[in-house]
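Understanding the architecture of this molecule
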Amino acid sequence: MVRAPWRELPDRLLSAEVGQALRLSLVCASLATVLCLLLGIPLAWLLARGDLPGRGLIRALVTVPLVLPPVVGGVALLLVLGRRGLVGSYLYDWFGIALPFSTAGVVVAEAFVAMPFLVISVEGALRGADPRYEEAAATLGASRWLTFRRVTLPSILPGVVAGTVLCWARALGEFGATITFAGNFPGKTTTMPLAVYLALETDPAAAIVLSLVLLLVSVVVLAALRERWLRGLL
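Each value, and the rule that gives it
- Residues numbered from 1 in each chain as written.
- Predicted model: local features only at pLDDT ≥ 70, side-chain atom pairs only at ≥ 80, totals over all residues.
- Heavy atoms only, no water.
- Salt bridge = Lys/Arg side-chain N within 4 Å of Asp/Glu carboxyl O.
- Helix = DSSP H or I, 4+ residues; strand = E, 2+ residues; numbered from the N terminus.
- Buried < 20%, exposed > 50% of the residue type's maximum accessible area, 1.4 Å probe, protein only.
- UniProt positions renumbered as here; feature names shortened; annotations may be inferred.
- Phe/Tyr/Trp six-rings, centres within 6.5 Å; stacked < 30°, edge-to-face > 60°.
- Patch = residues over 30% accessible without salt bridge, like charges linked within 9 Å, V, L, I, M, F, W, Y side chains within 5 Å.
- Areas by Shrake-Rupley, 256 points an atom, 1.4 Å probe, with all protein chains shown as cover.
- Core = buried A, V, L, I, M, F, W, Y, C linked by side-chain atoms within 4.5 Å.
- Contact = heavy atoms within 4.5 Å.
- Axes fitted to C-alpha atoms, helices over the stretch in contact; angles between N-to-C directions.
- Parallel < 35°, antiparallel > 145°, perpendicular 65-115°, else oblique.
- Left-handed = near helix turned anticlockwise from the far one by under 90°.
- Nonpolar A, V, L, I, M, F, W, Y, C, P; charged D, E, K, R; others polar.

What follows covers the pattern of salt bridges. Within the structure shown, the criterion is met by 3 salt bridges. Across the salt bridge formed by Arg 127 and Glu 123, the nearest N and O atoms sit 3.1 Å from each other. Note that Arg 127 and Glu 123 are positioned in helix α6 (residues 103-128) at a spacing of 4 residues, about one turn of the helix. Take Glu 123: its relative accessible area is 8%, and that puts it in the buried class. Note that Glu 174 and Arg 170 form a salt bridge whose closest N and O atoms lie 3.2 Å from each other. By relative accessible area, Arg 170 is classed as partly exposed at 24%. What emerges from the salt-bridge pattern is a single network uniting Arg 59, Glu 123 and Arg 127.

Let us now look at the UniProt feature "transmembrane region" (unreviewed entry) in the protein. Feature annotation in UniProt assigns "transmembrane region" (unreviewed entry) to the following positions: residues 20-48, 60-82, 94-122, 151-171 and 205-225. Span residues 94-122 is 76% helix and 0% strand, its end C-alpha atoms 35 Å apart. Split by type, residues 151-171 is 95% helix and 0% strand. Its first and last C-alpha atoms lie 29 Å apart.

Attention shifts here to the packing of aromatic side chains. In total, this model carries 4 aromatic pairs according to the counting rule given. Their ring planes at 85° and their centres at 6.3 Å tell us that Phe 101 and Phe 185 sit as a pair that is edge-to-face. Taken together, the residues Phe 101 in the loop between α5 (88-95) and α6 and Phe 185 in the loop between α10 (176-181) and α11 (192-202) connect sequence positions 84 residues apart. Overall, Phe 101 belongs to the partly exposed group, its relative accessible area being 39%. Between Phe 175 and Tyr 197 the ring centres are 5.6 Å apart and the planes differ by 55°, which places this aromatic pair in the tilted class. With a gap of 22 residues between them, Phe 175 in the loop between α9 (157-172) and α10 and Tyr 197 in helix α11 connect regions that are remote in the sequence. Grouped by ring-pair contacts, the aromatic residues Tyr 90, Trp 94 and Phe 95 constitute a single cluster.

Before going further, it helps to examine a nonpolar patch on the surface. A contiguous nonpolar patch, built from Val 71, Val 75, Leu 79, Val 80, Leu 86 and Val 87 and spanning about 520 Å² of accessible area, is present on the exposed surface. Within the element layout of this structure, Val 71 appears in helix α4 (residues 70-81). Given the relative accessible area of 45%, Val 71 is considered partly exposed.

Now for the nonpolar core. Counting 43 residues, the largest nonpolar core has Val 122 and Ile 156 as the members making the most contacts within it. Broken down by secondary-structure element, the contributors of at least two residues to this core are α2 (16-49), α6, α9, α11 and α12 (204-233). Other than its neighbours up to four places away in sequence, Ile 156 contacts Val 122, Ala 125, Leu 126 and Ala 129. One finds Leu 77, Leu 81, Val 108 and Ala 109 within the second-largest nonpolar core, a separate group that totals 8 residues.

This paragraph deals with the packing of α2 against α9. Interhelical geometry of α2 versus α9 gives an angle of 135° and a closest axis separation of 8 Å. Judged on the interaxial angle alone, α9 and α2 are oblique. Note that α2 runs across α9; the crossing there is right-handed. Listed contacts from α9 to Ser 25, Leu 26, Ala 29, Ser 30, Ala 32, Thr 33, Cys 36, Leu 37 and Ile 41 of α2 are Val 160, Thr 164, Cys 167, Trp 168, Ala 171 and Leu 172. For the contact of α2 with α9, the residue count by class is 11 nonpolar, 4 polar and no charged.

The geometry of helix α7 (residues 131-139) relative to helix α8 (residues 144-155) is characterised by a closest axis approach of 10 Å and an angle of 145° between their N-to-C directions. For the pair α7 and α8, the crossing hand works out as right-handed. Residues Tyr 133, Glu 134, Ala 137 and Ala 138 of α7 pack against Thr 147, Val 151 and Thr 152 of α8. For the contact of α7 with α8, the per-class residue count stands at 4 nonpolar, 2 polar and 1 charged.

Dropping the structure here:
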């Protein structure tokens, strides 16, 4: 903040390079969050309410990105979803889909790193919800989907909202897995953290401006959700 070019800040934020990275980051982080919602809520329900063996192992696999170096996650994504990967080879041969070094690859990398925040928050909310309301709805003839939509989801909505915001903020700041799996191509895969990395070599003022934006987002999210997040963990 001491070194920030405050007088030039509006012009820097409106510059083509900063604007391009900002737009790409917002779009990719939002798409990654939607993907996490579609996959993470059912997964959280399975971990909290499902009765299947190996739930501890599944939970460990889901949450391992929290402690795994992001670069290692990027390497794993390359080995699985790359053109010669375990799954990516079939995607490329059968459908012509190549995820690495593309904007879609940015979304996948961000979703991989950010999903644990959503799953943990929603799972905690599900464990804290009173199951008697769901049982009452079932005795009245409500289907599982109707019960989940009209009873379960409203009761865990604060946890879903908290997890969604944390997931989005984490996706917005993702660097290691993104640069490893999607590369660093301006206008295509260069998100704000990657733009900071590039700007440090040529335009430190732009790097400071982008860093301030990411810092502001992080502080706002943590300040707004601190108590709710801690309650979810406890």
